[in-house]
Amino acid sequence: MPARRTKAVAVTVTEQSRDRFRTAARAEPADPVLLCLLAAAEHGPVLDPDDPGEPPSVDALLAACEAALERHASAVRLAVAERAPAGPEETAALLAAVLGGRERFHGQQSDYRRLESSLLPDVLRRRRGLPIMLSLVWMAVGRRAGLTVHGIALPGHFIVAVGGPAGGEEYVLADPFHGGRLLDPDDAERLVHTAGQEFTPDLLTPAQPLDIVLRVLGNIRAWAADRPEHARTQLWAAELSLLLPRHPAQLRLERAELLVRTGDFLGGSAEMDAYAQILDAFDPDTAAKVRQEARAARHRLN
């Protein structure tokens, strides 16, 4: 395919995914699976890396991923019909047997070094990913199979609760990154301590959909921040984060600095000036520093 045609297709996919992302982020309730798929569509992953054809449209990407999730859900429904799990522990063990066992969804330390580990279509294709992405697969498959699976956003390691805990019902914790290994409260506490924080019971509260998406995009931003050559990846993750109804204000400055790093000196400096105006009311010293950065960015045009 000619380079110009490839670029045109990529721009179309980006525009489609971003418009849909903005709309989906404001839906009630928001669907974290859809939002993560739309985010990945902007990056442009292909489910079949050997396919020599054009990059998939947003609709084709969504359909392929939905079909994959439905296949896994069908396998879970069949296992439920055969085994009739009596409670959350048996249900979690069934999910582990199907998703972590037969379907081989799991993670390894090396996955933390790969961008694909944070892109849901690639996670579905590779059956490997970060804890939050594998937990999202469990949540999506569980919902499609009629089971209750909540995401639990422990610091440093995302897990799931099968059953409750939103309504006070009985539940068990499982770790999809390790194939669905069941966790007791002490295991969860150790995970939190490993992340350098103190465990409190509220950490087992189900994660909110938009918080899950913000954390996924934060993982992408962190991955790219460690690799300066991937500044544009960090930029699109920051820009998508800003489309969420709730996001850290600091993201505006991060986006401005990334615009400068990727060559948009005027755009970046204008964003810095706008952010400095917000800071004026409560942090004038930082506002002055941001304006200095903006001036330095404009001087790079000379």
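Structural notes, computed from the coordinates.

Reading guide: rules and limits
Residues numbered from 1 in each chain as written. Predicted model: local features only at pLDDT ≥ 70, side-chain atom pairs only at ≥ 80, totals over all residues. Heavy atoms only, no water. Helix = DSSP H or I, 4+ residues; strand = E, 2+ residues; numbered from the N terminus. Buried < 20%, exposed > 50% of the residue type's maximum accessible area, 1.4 Å probe, protein only. Contact = heavy atoms within 4.5 Å. Areas by Shrake-Rupley, 256 points an atom, 1.4 Å probe, with all protein chains shown as cover. Axes fitted to C-alpha atoms, helices over the stretch in contact; angles between N-to-C directions. Parallel < 35°, antiparallel > 145°, perpendicular 65-115°, else oblique. Left-handed = near helix turned anticlockwise from the far one by under 90°. Nonpolar A, V, L, I, M, F, W, Y, C, P; charged D, E, K, R; others polar. Pairing = 2+ DSSP bridges. Core = buried A, V, L, I, M, F, W, Y, C linked by side-chain atoms within 4.5 Å.

**Here we look at the overall build of the protein**
Piece 1. Secondary structure summary: the protein contains twelve helices and four strands in total.
Piece 2. By the burial criterion, 48% of the 302 residues in the protein qualify as buried.
Piece 3. A separation threshold of at least 6 residues defines the contact pool for the protein, and within that pool the share at least 24 residues apart is 55%.
Piece 4. For the protein, the exposed area adds up to about 14,800 Å²; of that, 51% sits on carbon and sulfur atoms.

**Digging into the packing of helix 11 (residues 265–279) against helix 12 (residues 284–299)**
Piece 1. The N-to-C vectors of helix 11 and helix 12 enclose an angle of 165 degrees; their axes lie 8 Å apart at closest approach. By the angle between their axes, helix 11 is roughly antiparallel relative to helix 12. For the crossing formed where helix 11 meets helix 12, the hand is left-handed. Counting all contacts with helix 11, which are made through Phe265, Leu266, Ser269, Met272, Asp273, Tyr275, Ala276, Gln277 and Leu279, the residues of helix 12 involved are Pro284, Thr286, Ala287, Val290, Arg291, Glu293, Ala294, Ala297 and Arg298.
Piece 2. Class assignment of the residues belonging to the contact of helix 11 with helix 12 gives a composition of eleven nonpolar, three polar and four charged.

**Let's talk about the sheet that holds strand 2 (residues 159–163)**
Piece 1. In spatial order, the strands read 1-2-3-4; together these four strands make up an open sheet with antiparallel pairing. Among the strands making up the open sheet, the edge pair consists of strand 1 (149–152) and strand 4 (181–183). Sheet twist, expressed as the mean angle between neighbouring strand axes with direction ignored, is 35 degrees.
Piece 2. In this sheet, strand 2 lies alongside strand 1 in antiparallel orientation, the contact comprising four bridges. Across the sheet, residue Ile152 finds its bridge partner in strand 2, namely Ile159.
Piece 3. The sheet contacts of helix 4 (residues 88–102) involve strand 1, strand 2, strand 3 (171–175) and strand 4, and relative to strand 2 the element is tilted by about 130 degrees.

**Thoughts on the nonpolar core**
Piece 1. By size, the foremost hydrophobic cluster in this structure holds 67 residues, and its most contacted members are Phe21, Leu120, Trp138 and Leu217.
Piece 2. With ten residues, helix 3 (residues 58–83) is the largest single contributor of residues to this core.
Piece 3. One finds Leu253, Ala256, Ala276 and Ala297 within the second-largest nonpolar core, a separate group that totals twelve residues.

**Overview of the pairing of strand 3**
Piece 1. When you tally the buried positions in strand 3, you get four out of five residues, the bulk of the element.
Piece 2. In terms of strand pairing, strand 2 meets strand 3 through four bridges, oriented antiparallel. By the bridge assignment, Val160 is partnered in strand 3 with Ala174.
Piece 3. Both strand 3 and strand 4 contribute to a ladder of three bridges, which runs antiparallel. Residue pairing for strand 4: Leu173 is matched across the bridge by Leu183.

Shape is all these values report; function is a separate question.
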